[in-house]
Amino acid sequence: MPYPNLTGDDLAIVEMARDFSRKRLAPYALEWDATKHFPVEEMKEAGSLGMAAIYTREDVGGSGLRRLDGVRIFEELAKGDPVTAAFISIHNMCTWMVDTYGSEEQRQEWIPKLAPMDVMASYCLTEPGAGSDAASLTTKAERDGEDFVLNGTKQFISGGGASDLYVVMARSEGEGARGISTFLVDKGTPGLSFGPPEVKMGWHSQPTTQVIFENVRIPASRMLGGTDGAGKGFGIAMNGLNGGRLNIAACSLGGAQAAYDKALQYMTERETFGRKLIDEPTIRFALADMATSLEASRLILWRAATALDENDPDKVELCAMAKKFVTETCYQVADQALQLHGGYGYLHETGVEKIVRDLRVNRILEGTNEIMRMVIGRAEAAR
Ligand code: FAD
Ligand code: 2MC
């Protein structure tokens, strides 16, 4: 549905994402879910189309687009597969962090490889003892001459073991949020290892593992932003997450839209008590509520993305609002779409139960929706 401010170019970008999603993700998503296949080849193809460095500067190979373009692209990708879309989103978050906070040398070294996804990146903040309270993380980065030595464990890392580059928040400067810096760690670095893939409710087609650091020695030049980056890692991580939260919400929107589209189609085909379900007034009410929820989700998402593009003073709160509202509302839409399919909705082959499973985690990761309420509540209390 067009939005008043969208131009022909804006529509073309989304058309490209939609086409890719329809041809390269949607036909295979169920199979990838069943076989736990991580679709690296397709993601690299998305990278070659500019979707792995969407809002990264063009001089190093990024696409130079807006957050508003980003959320519209992720909605389209997620219509085909919310899980693959979510990994591309995490990769984009890492790429943006290197572009925005990296030294010129780091930008030149990494972005040309991250943009086509020749190098795939994972974001490492959560630890076994520090999830929501991320500033209490304990992974250490100790200075030793020209190097840092990292020790600790990261938990629930998307792409763990499969990614080539790990963007790691670790404590180098002391206690609290201001004691954290961000480091770029190569997969092959001695002392870096990965736990077994977690067995999960959804997100089957991407690995989630612990990332373990045992005396991992990296040059000091791997601190993001160089020596200027010391103690700035928490802010870098949080600023990355503002956009990440929008993209994860966009993945919920795309997934829910796909589930809704299936339900709407099914209602036009299925007959009970001698007539089509679409002709039953209560079914129409259900569809009306679902369609309204999808449109409201799209609008709050676009509002927050525009706030991020314009560096609005309320951007953090708006991103949290969008993440909370969209991931909850769209989960309900997907669940209702399953219900409308009756018993067939519960079968894998229908494709709706997968969406419900995949959307559930979006209420937990990139900051739980309780933490989103905390962020919103703090901002409101400060007014
Ligand atoms: P906890 O922080 O222990 O919270 C437990 C519960 O208590 C939650 O419901 C929470 O909302 C609630 N709670 C906590 N504090 C409060 C409070 N003060 N008031 C009210 N309620 C509260 N992390 C990464 O860094 N990188 C990744 O790539 C990544 N990928 C993930 C992929 C998957 C599939 C999953 C499941 C998680 C992933 N995560 C990742 C981790 C995710 O971000 C965390 O699980 C999440 O932030 C919550 O942390 P926790 O699990 O430790 O829960
Ligand atoms: N954007 C920019 N800056 C932020 C920010 C945000 N969203 N949130 C916090 N900050 C800044 C804040 O302004 C402060 O800066 P300064 O030191 O300059 O004053 C600093 O960070 C510390 O913030 P707080 O004082 O609010 O710290 P506190 O510990 O009380 O709360 C909280 C921080 C709860 C907001 C943060 O820990 C949080 O967001 N937790 C959720 C963790 C999370 O989202 N994990 C996701 C992991 S990634 C993932 O799941 C994937 C799938 C990739």
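Just so we're clear, the structure is a prediction, and the values are computed from it rather than from any experiment. (Residues numbered from 1 in each chain as written. Chains lettered and ligands numbered in written order. Predicted model: local features only at pLDDT ≥ 70, side-chain atom pairs only at ≥ 80, totals over all residues. Heavy atoms only, no water.)

Caption draft 1: Broad picture of the site of ligand 1. In the neighbourhood of ligand 1, 17 residues make up the surrounding shell, with Thr 126, Ser 132, Phe 156, Thr 368 and Glu 370 lying closest. Here an oxygen atom of ligand 1 sits 3.0 Å away from a polar atom, N or O, in the main chain of Leu 125. Separating an oxygen atom of ligand 1 from a side-chain N or O atom of Ser 132 is a distance of 2.7 Å. Its free accessible area being 970 Å², ligand 1 has 64% of it covered by the protein chains. A majority-of-atoms criterion places ligand 1 in the largest pocket. (Near = heavy atom within 4 Å. Polar contact = N/O pair within 3.5 Å; in protein donor to acceptor, adjacent residues only side chain to side chain. Areas by Shrake-Rupley, 256 points an atom, 1.4 Å probe, with all protein chains shown as cover. 1 Å grid on protein atoms, 1.4 Å probe; cavity = no way out; pocket = protein on both sides within 12 Å on 5 of 7 lines; lining within 4 Å. Sits in = over half its atoms within 2 Å of the grid points.)

Caption draft 2: Fine view of the pairing of strand β4 (residues 165-171). Of all the seven residues making up β4, seven are buried; the element is thus mostly covered by neighbouring parts of the structure. Alternating residues of β4 divide into Leu 165, Val 167, Met 169 and Arg 171 and Tyr 166, Val 168 and Ala 170, and every residue in both groups is buried. Across seven bridges, β4 lies against strand β5 (residues 180-186) in antiparallel orientation. By the bridge assignment for β5, Met 169 is matched with Thr 182. (Buried < 20%, exposed > 50% of the residue type's maximum accessible area, 1.4 Å probe, protein only. Helix = DSSP H or I, 4+ residues; strand = E, 2+ residues; numbered from the N terminus. Pairing = 2+ DSSP bridges.)

Caption draft 3: Spatial organisation of the pairing of strand β3 (residues 147-158). Pairing between strand β2 (residues 140-144) and β3: five bridges, direction antiparallel. If you follow Lys 140 over to β3, its bridge partner there is Asn 151. Pairing of β3 with strand β7 (residues 208-219), which is carried by nine bridges, proceeds in the antiparallel orientation. Within β7, the position partnered with Val 149 by the bridge is Arg 217.

Caption draft 4: The arrangement of the site of ligand 2 in detail. Taken together, 24 residues surround ligand 2, and among them Ser 132, Asn 242, Arg 245, Glu 366 and Arg 378 come closest. Between Arg 178 and ligand 2, the recorded distance is 3.0 Å, taken from a side-chain N or O atom to an oxygen atom. In this structure, a nitrogen atom belonging to ligand 2 sits 2.8 Å away from a side-chain N or O atom of Asn 242. Burial of ligand 2 by the protein chains amounts to 72% of its free accessible area of 1000 Å². With respect to the detected pockets, ligand 2 is housed in the largest pocket. Taken together, the elements giving at least two residues each to the shell around ligand 2 come down to α5 (82-101), α7 (233-269) and α11 (369-381).

Don't take any of this as a statement about function, it's just geometry.
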